[in-house]
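Spelled out from the first residue to the last, the chains are:
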Amino acid sequence: AHVESNFRPAVYSRAGARGVWQFMPGTGRHYGLRQDWWIDERADIVKSTRAAARHLKDLYEELADWNLAMASYNAGIGRIQRNHRRYGPIDYWTMIKRRLLPRETRNYVPSILAAMIIYHNPELYGFNVKRDDPLEFESVRVDDQVALEVVSKEINVSLDELAALNPELRRGVTPFGDVEYALKVPLGKGAFLKERLAFLPPDKKAQFQHHKVRRGETLSGIAEGYSSTANAIMQ
């Protein structure tokens, strides 16, 4: 994760990968990470980590070699398998010597191994690091759509802190149509949020209705049906 993203859950790559574990859209969906207009679970700290663990386990079970599993996480398992079909069961270092992998992948596994070595004894390598406190939070199921801005005011937690705990929320609003969605809040705020949500008036909940567009419909026609305006729907 350090090599992939420097532990930044919201970061995008030029190729479209996202999150601490830099999942591509297709791989993320394969491992059950929801991606839609409201949410991108590739940035969910917990769900993406579990998905990455399953992905790495699958790669290792297929290749029986951790260096090749890590290389295929970066370059794709298809490239490793093509090398094996063409050259036999050669290992990662042989692929490096023969330049059978892209430059990024040739640097990728050594970078991970180096990071692991330094992590275990940073002072030996000239790193005097003050460790961050562990990231601790509670999760609260949220049935209705509600904006982080509202939650922030209700439980007296900064909007920036809530956004940092929930980087999967693409619009700053909990997702539509997911009764199992759990919002992450600072430790000690979970019970308070449950209490506040139970008494949250309708006008403080996200004011959205959802309409499935049928062939031939126009924005103005939809707006008229909801006593709204085309501009409001566009926004």
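The structure this text deals with has already been given above.
The numbering scheme is per chain: residues are counted from 1 as the chain's sequence reads. Only residues with pLDDT of 70 or above have their local features reported here, since the model is predicted, and side-chain atom pairs are shown and tallied only from 80 upward, although totals for entire chains, interfaces and linings are computed over all residues. Only hydrogens and water are set aside when side-chain values are computed; all heavy atoms of the structure are taken into account.

Caption draft 1: Just the overall build of the protein, in detail. A count of helices and strands for the protein gives twelve helices and two strands. Along the protein, from the amino end to the carboxyl end, the secondary structure elements read α-α-α-α-α-α-α-β-α-α-β-α-α-α. Projecting the C-alpha coordinates of the protein onto the three principal axes gives extents of approximately 65 × 50 × 25 Å. Only protein chains enter the accessibility calculation, which uses a 1.4 Å probe; a residue is then buried when its area is under 20% of its type maximum, exposed when over 50%, and partly exposed in between. The burial tally for the protein puts 34% of its 235 residues in the buried class. Considering only contacts within the protein whose residues lie at least 6 apart along the sequence, 52% involve residues at least 24 apart. We get accessible surface area from the Shrake-Rupley algorithm with a probe of 1.4 Å; when it comes to residues, only the shown protein chains can shield them. With the model as given, the accessible surface of the protein reaches about 15200 Å², and the carbon-plus-sulfur share is 52%. Seen as two clouds, the 34 positive and the 29 negative side-chain charges of the protein have centres 8 Å apart. Where helices and strands are cited, they refer to DSSP runs of H or I of at least four residues and of E of at least two residues respectively, numbered from the N terminus. Any two residues having at least one pair of non-hydrogen atoms within 4.5 Å are treated as being in contact. In this count, Lys and Arg are taken as positive residues and Asp and Glu as negative ones, while His and the chain termini are left out. Lysine's charge is taken at NZ, arginine's at CZ, aspartate's at CG and glutamate's at CD.

Caption draft 2: Expanded view of the packing of helix α3 (residues 45-63) against helix α5 (residues 77-87). Axis definition: a line fit to C-alpha positions, over the contact stretch in the case of helices; interaxial angles, taken between N-to-C directions, run 0 to 180 degrees. One way to put it is that α3 packs onto α5 with a least axis distance of 12 Å and a crossing angle of 5 degrees. In terms of their interaxial angle, α3 and α5 are classed as roughly parallel. The segment α3 lies against α5, with Leu 59, Glu 62 and Leu 63 engaging Ile 77, Ile 80 and Gln 81. When residues are sorted by character, Ala, Val, Leu, Ile, Met, Phe, Trp, Tyr, Cys and Pro go into the nonpolar class, Asp, Glu, Lys and Arg into the charged class, and all the rest, Gly among them, into the polar class. Here the contact of α3 with α5 is built from residues that sort into four nonpolar, one polar and one charged. Here is the rule for angles: anything less than 35 degrees is roughly parallel, anything more than 145 is roughly antiparallel, 65 through 115 is roughly perpendicular, and the remaining ranges are oblique.

Caption draft 3: Region of interest: a nonpolar patch on the surface. Here, patches come from residues exposed beyond 30% relative accessible area and free of salt bridges, joined within 9 Å for like charges and within 5 Å for nonpolar side chains (Val, Leu, Ile, Met, Phe, Trp, Tyr). Each reported salt bridge corresponds to a side-chain nitrogen of Lys or Arg within 4 Å of a carboxyl oxygen of Asp or Glu. A surface patch of nonpolar side chains, about 520 Å² in accessible area, is lined by Ile 117, Leu 124, Tyr 125, Phe 127 and Val 129. Relative to the helices and strands, Phe 127 is located in the loop between α7 (103-120) and β1 (137-141).

Caption draft 4: Molecular detail of the packing of helix α8 (residues 148-155) against helix α10 (residues 190-198). With their axes 10 Å apart at the nearest point, α8 and α10 run at an angle of 110 degrees to one another. By the angle between their axes, α8 is roughly perpendicular relative to α10. Taken as a pair, α8 and α10 cross one another with a handedness that is right-handed. Contacts between α8 and α10 involve Val 151, Glu 154 and Ile 155 from the first element and Phe 192, Leu 193 and Arg 196 from the second. Each residue belonging to the contact of α8 with α10 can be placed in one class, and the counts come to four nonpolar, no polar and two charged. For a crossing to be left-handed, the near helix must be turned anticlockwise from the far one by less than a right angle; the clockwise case is right-handed.

Caption draft 5: View of the pattern of salt bridges. Within this structure, the stated rule accounts for 13 salt bridges. Across the pair Glu 168 and Lys 184 runs a salt bridge, and its minimum N-O distance is 3.2 Å. Highlighted residues: Glu 168 in the loop between α9 (159-165) and β2 (182-186) and Lys 184 in strand β2, separated in sequence by 16 residues. The shortest N-O distance in the salt bridge between Glu 217 and Arg 214 comes to 3.1 Å. Residue class for Arg 214 comes out exposed when judged on its relative accessible area of 54%. Through salt bridges that share partners, Arg 18, Asp 40 and Arg 42 make up one connected network.

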